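Residue strings, one per chain:
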Amino acid sequence: MRCYACGNREAQMILDQPAASIATNTPDDHNSSAGKFPCQLFQCLACGHVYEKVTPELRSALADIYTSCAAQLSVSMGEGNWGKERGEKILKHFNRLVDITAFQSALEIGCDKGYILRFLKSQGIQDVTGIEPSLKTAGIADGINFVKAFADRNLNLSRKFDFIYAFDVLDHVEDLEGFMDFIRRHLAPQGQVFISVNNADYYLETGSPALFMHQHIQYFTDASLKLFFERNGFVLKNLVKYQDEYHALAEFQGQSVNVASKRDYSNYENKLSLTLERISALLKIKHGAVHGASNTLKNILEWCDINFDFMLVDNDTSKQGQIYFGKKVLKSENVFSGNFEQIFIVPETFYPVIREDYLSRGFKGNIVGVR
Ligand SMILES: [Zn+2]
């Protein structure tokens, strides 16, 4: 096994939990029946990069997901209450970092239904293209050129773009070199690249069960993301760190450099075990509710060796009424009529907001979270 970022073969295992199924944020009856896959993460001893080893079975199961309607977590950006909220948040962050008026053409890798491309078009960029493997049909729609493909070393669009960007895609890419090769071949001179990835550093440092998901092969930290760009000949112009993700803006420089990340994450498994013990104790309560039908909850349920009963609620209207993890997802209002002693809030980033919402509506029981 070689590190996806630097090619080195020596690595330390930093996560080793029971094998688990793949969660796609879709109801139980939509979920892949591909079986269970190892939940292990490794850190490269040469460059410090953290990654999941992809077996041929996992590779094939993931390819099936990415070309299906389960490719997008929950709903598409701009759709439903959750998709709208996510889309607005992303555009706000995007505008803060990128001066889109500088570009004549833009290419999005992993564009889903083109929510951000439509925004760019509304801002005056006429020449926009999106690549998306899960598209039902390719071609021009609303003046946007949609290409049904994976952005890899085999794809050639035979042209260049001023701006290439990808939201939450790089974590999913197995062939990192092929992905960056695609970008280099399609980026105009003086062009810019924007990439967002999960902030793995936060979850690794805090021992969070939200870190691991089978779809995420690469787990970037401040140091490894900077190193990754530099190895591929790019220089970071700006790196914004949010609790749950990084937004990076880079330019091609041509020279690749190679420096190692010093941070050691060998403690992650121990920290995670302590977190899971604490959560197991919390969830043994008789009359409790859980807020958040997500991959994190799946990890907790599959890794904590306990049997407990709970009511599952979520604010995402697309999940309400559907079955997740054997439970029907209800609206959060049900917590008030049920006289529950405790709510366990799963999402870490939204914990303060969700907690405040329950308190303001008069919830009298305990409110607890992953931390
Ligand atoms: Zn490495």
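Residues numbered from 1 in each chain as written. Predicted model: local features only at pLDDT ≥ 70, side-chain atom pairs only at ≥ 80, totals over all residues.

1. Some remarks on the overall build of the chain
Broken down by element type, the chain carries ten helices and 18 strands. Over its C-alpha atoms the chain spans a radius of gyration of 21 Å, differing by no more than 12% from the 21 Å that the globule rule assigns to 371 residues. Once the C-alpha set of the chain is aligned to its principal axes, its extents read approximately 60 × 50 × 35 Å. Across the 371 residues in the chain, those meeting the buried criterion constitute 41%. Restricting to contacts in the chain with at least 6 residues of sequence separation, those with at least 24 account for 64%. (Helix = DSSP H or I, 4+ residues; strand = E, 2+ residues; numbered from the N terminus. Rg over C-alpha atoms; globule rule 2.2 N^0.38 Å. Buried ≥ 20, exposed ≤ 12 C-beta atoms within 10 Å, placed from the backbone. Contact = placed C-beta atoms within 7 Å.)

2. Some words on the pairing of strand S9 (residues 187–198)
Counted residue by residue, S9 has nine buried out of twelve residues, so it is predominantly covered. In terms of strand pairing, strand S8 (residues 161–167) meets S9 through six bridges, oriented parallel. Looking at S9, one finds that Phe-161 is bridged to Leu-187. Remark: the S8/helix H4 (residues 176–186)/S9 crossover connection has right-handed handedness. Of the strand pairs in this sheet, S9 and strand S12 (residues 245–252) are connected by seven bridges, and their pairing is antiparallel. By the bridge assignment for S12, Ile-195 is matched with Ala-248. (Pairing = 2+ DSSP bridges. Right-handed = clockwise from strand over helix to strand, strands pointing away.)

3. Structural notes on the domain arrangement of the chain
The domain architecture assigned to the chain consists of domain 1 (11–66), domain 2 (80–252) and domain 3 (268–369). Spacing between the C-alpha centres of domain 1 and domain 3 amounts to 24 Å. The interface of domain 1 with domain 3 comprises eleven residues on the first partner and 13 residues on the second. Residues that form the side of domain 1 that touches domain 3 fall into these classes: six nonpolar, two polar and three charged. (Domains from an automatic or database assignment. Nonpolar A, V, L, I, M, F, W, Y, C, P; charged D, E, K, R; others polar.)

4. Side note on the pairing of strand S11 (residues 234–241)
Bridge analysis of S11 against S12 gives seven bridges, and the strand direction is antiparallel. For Lys-241, the partnering residue across the bridge sits in S12 and is Tyr-246. Adjacent in sequence and paired antiparallel, S11 and S12 are bridged by three residues.

5. What to know about the environment of His-172
Position of His-172 relative to the elements: it lies in the loop between S8 and H4. In this structure His-172 touches Gln-215, His-216 and Ile-217, once residues within four positions along its chain are discounted.

6. Re unusual backbone geometry
Phi at Asp-112 takes a positive value of approximately 50°, unusual for a residue other than glycine. Within the secondary structure layout, Asp-112 lies in the loop between strand S4 (105–109) and helix H3 (115–122). The phi angle at Ser-158 is positive, at roughly 55°, despite the residue not being glycine. Looking at Ser-158, the number of C-beta atoms within 10 Å reads 6, which means it is exposed.

7. Section: helix H8 (residues 295–303)
Among the residues of H8, those classed as buried are Asn-295, Thr-296, Leu-297, Lys-298, Asn-299 and Ile-300. Of the surrounding secondary structure, the elements contacted by the buried residues of H8 are strand S1 (11–20), helix H7 (268–283) and strand S13 (288–291).

8. As for the sheet that holds S1
Taken in spatial order, the four strands of this open sheet run S1-S2-S3-S10, and their pairing is antiparallel. At either end of the open sheet lies a strand with only one pairing partner, and these are S1 and strand S10 (218–219). Two elements, strand S3 (residues 50–51) and S10, share two bridges in a ladder whose sense is antiparallel. Residue pairing in the sheet places Tyr-51 in a bridge with Gln-218 of S10.

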